[in-house]
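Residue-level structure breakdown
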Amino acid sequence: QLQLVESGGGLVQAGGSLRLSCAASARTFSSYAMGWFRQAPGKEREFVGGINWAGTNTVYADSVKGRFTISRDNAKSTVYLQMNSLKPEDTAVYYCAAAARGVTKQRLDYDYWGQGTQVTVSS
């Protein structure tokens, strides 16, 4: 089992930056690939980025590539999402998730989910 808690969301102007954090259970965190997803009102939850268990491989959605960076610190049992050059269309609830089978873009492949943190980007 793994518990995930997101933090760092808030209100930011277009072009600004935010850094999201996801704190996880310490014992098994390093064995999971981690992903970030987001969900805007009336839309399905979509993949944002993922990182493998060792932090040596990352995958991003085309919509955020070049602007967002995912990283992890296994010693602190934490995964991060650095978001730069934010756009109004980035507004959503952001969720972190853990997958036992490696980096994936598929929602159903993730075994554990946090409760989400709101990110609002104003124009």
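Above: the structure in question.
Our subject in this report is the structure included herewith.

Conventions adopted
- Residues numbered from 1 in each chain as written.
- Predicted model: local features only at pLDDT ≥ 70, side-chain atom pairs only at ≥ 80, totals over all residues.
- Heavy atoms only, no water.
- Helix = DSSP H or I, 4+ residues; strand = E, 2+ residues; numbered from the N terminus.
- Rg over C-alpha atoms; globule rule 2.2 N^0.38 Å.
- Buried < 20%, exposed > 50% of the residue type's maximum accessible area, 1.4 Å probe, protein only.
- Lys, Arg positive; Asp, Glu negative; His and termini not counted.
- Charge placed at Lys NZ, Arg CZ, Asp CG, Glu CD.
- Polar contact = N/O pair within 3.5 Å; in protein donor to acceptor, adjacent residues only side chain to side chain.
- Phe/Tyr/Trp six-rings, centres within 6.5 Å; stacked < 30°, edge-to-face > 60°.
- Lys NZ or Arg CZ within 6 Å of the ring centre and 35° of its normal.
- Contact = heavy atoms within 4.5 Å.
- Disulfide = S-S within 2.5 Å.
- Salt bridge = Lys/Arg side-chain N within 4 Å of Asp/Glu carboxyl O.

Side note on the overall build of the protein
Regarding its fold elements, the protein presents zero helices and eleven strands. Since a compact globule built from 123 residues should have a radius of gyration of about 14 Å, the 13 Å found for the protein is in line with a globular shape. Reported as C-alpha extents along the three principal axes, the dimensions of the protein are approximately 40 × 25 × 25 Å. Each of the 123 residues in the protein was classed as buried or not, and the buried ones make up 44%. Here the protein contributes 13 positively and 9 negatively charged side chains, and the mean placements of these two sets differ by 4 Å.

Quick notes on the side chain of Arg 38
Along the chain, Arg 38 turns up in strand β4 (residues 33–39). On the basis of relative accessible area, Arg 38 is assigned to the buried category, the value being 5%. A distance of 2.9 Å separates polar atoms of two side chains, one belonging to Arg 38 and the other to Tyr 94.

Section: the packing of aromatic side chains
The description of an aromatic ring pair uses the distance of the two centres, along with the angle that the planes make with each other. In the structure shown here, the tally under the stated rule is five aromatic pairs. Relative to Tyr 110, the ring of Phe 37 lies with its centre 5.0 Å away and its plane at 80°, an arrangement referred to as edge-to-face. Taken together, the residues span a long stretch of sequence, with Phe 37 in strand β4 and Tyr 110 in the loop between β9 (92–99) and β10 (112–113) at a distance of 73 residues. Judged on exposure class, the residue Phe 37 and its partner Tyr 110 are both buried. In this structure an aromatic cluster arises from ring pairing among Phe 37, Phe 47, Tyr 110 and Trp 113. Just above the ring of Trp 113 sits the side chain of Arg 45; from NZ or CZ to the centre is 5.0 Å. Just above the ring of Phe 29 sits the side chain of Arg 72; from NZ or CZ to the centre is 4.4 Å.

A look at the side chain of Asn 52
Tracing the backbone shows Asn 52 in the loop between β5 (46–51) and β6 (58–60). In this structure, Asn 52 is in contact with Tyr 32, Ala 33, Asn 57, Arg 72 and Val 103, ignoring residues within four places of it in sequence.

Here we look at the state of the cysteines
On inspection of all chains with the given rule, the structure shows one disulfide. Cys 22 shares a disulfide with Cys 96; S-S distance 1.9 Å. Negative torsions about the S-S bond denote left-handed disulfides, and the value of about 50° found for Cys 22 with Cys 96 makes this one right-handed. A residue pair is termed long-range when its members are at least 10 positions apart, and Cys 22 in strand β3 (residues 18–24) and Cys 96 in strand β9 qualify at 74 residues. Judged by its relative accessible area of 0%, Cys 22 falls in the buried class. For Cys 96, a relative accessible area of 0% puts it in the buried group.

Side note on the pattern of salt bridges
Oppositely charged side chains can form a pair if their charged atoms are brought close together. Taken as a whole and judged by the stated rule, the model has four salt bridges. Between Arg 107 and Glu 44 there is a salt bridge, with the nearest N and O atoms lying 3.7 Å from each other. Of this pair, Arg 107 sits in the loop between β9 and β10 while Glu 44 sits in the loop between β4 and β5; the two residues are 63 residues apart in sequence, bridging distant segments of the chain. Judged by relative accessible area, Arg 107 falls into the partly exposed class, the value being 38%. With relative accessibility at 60%, the residue Glu 44 sits in the exposed group. As a salt-bridge pair, Arg 67 and Asp 90 come within 2.8 Å of each other at their nearest N and O atoms. Taken together, the residues Arg 67 in the loop between β6 and β7 (68–73) and Asp 90 in the loop between β8 (78–83) and β9 connect sequence positions 23 residues apart. Here the two residues Arg 67 and Asp 90 agree in accessibility, since each one is buried.

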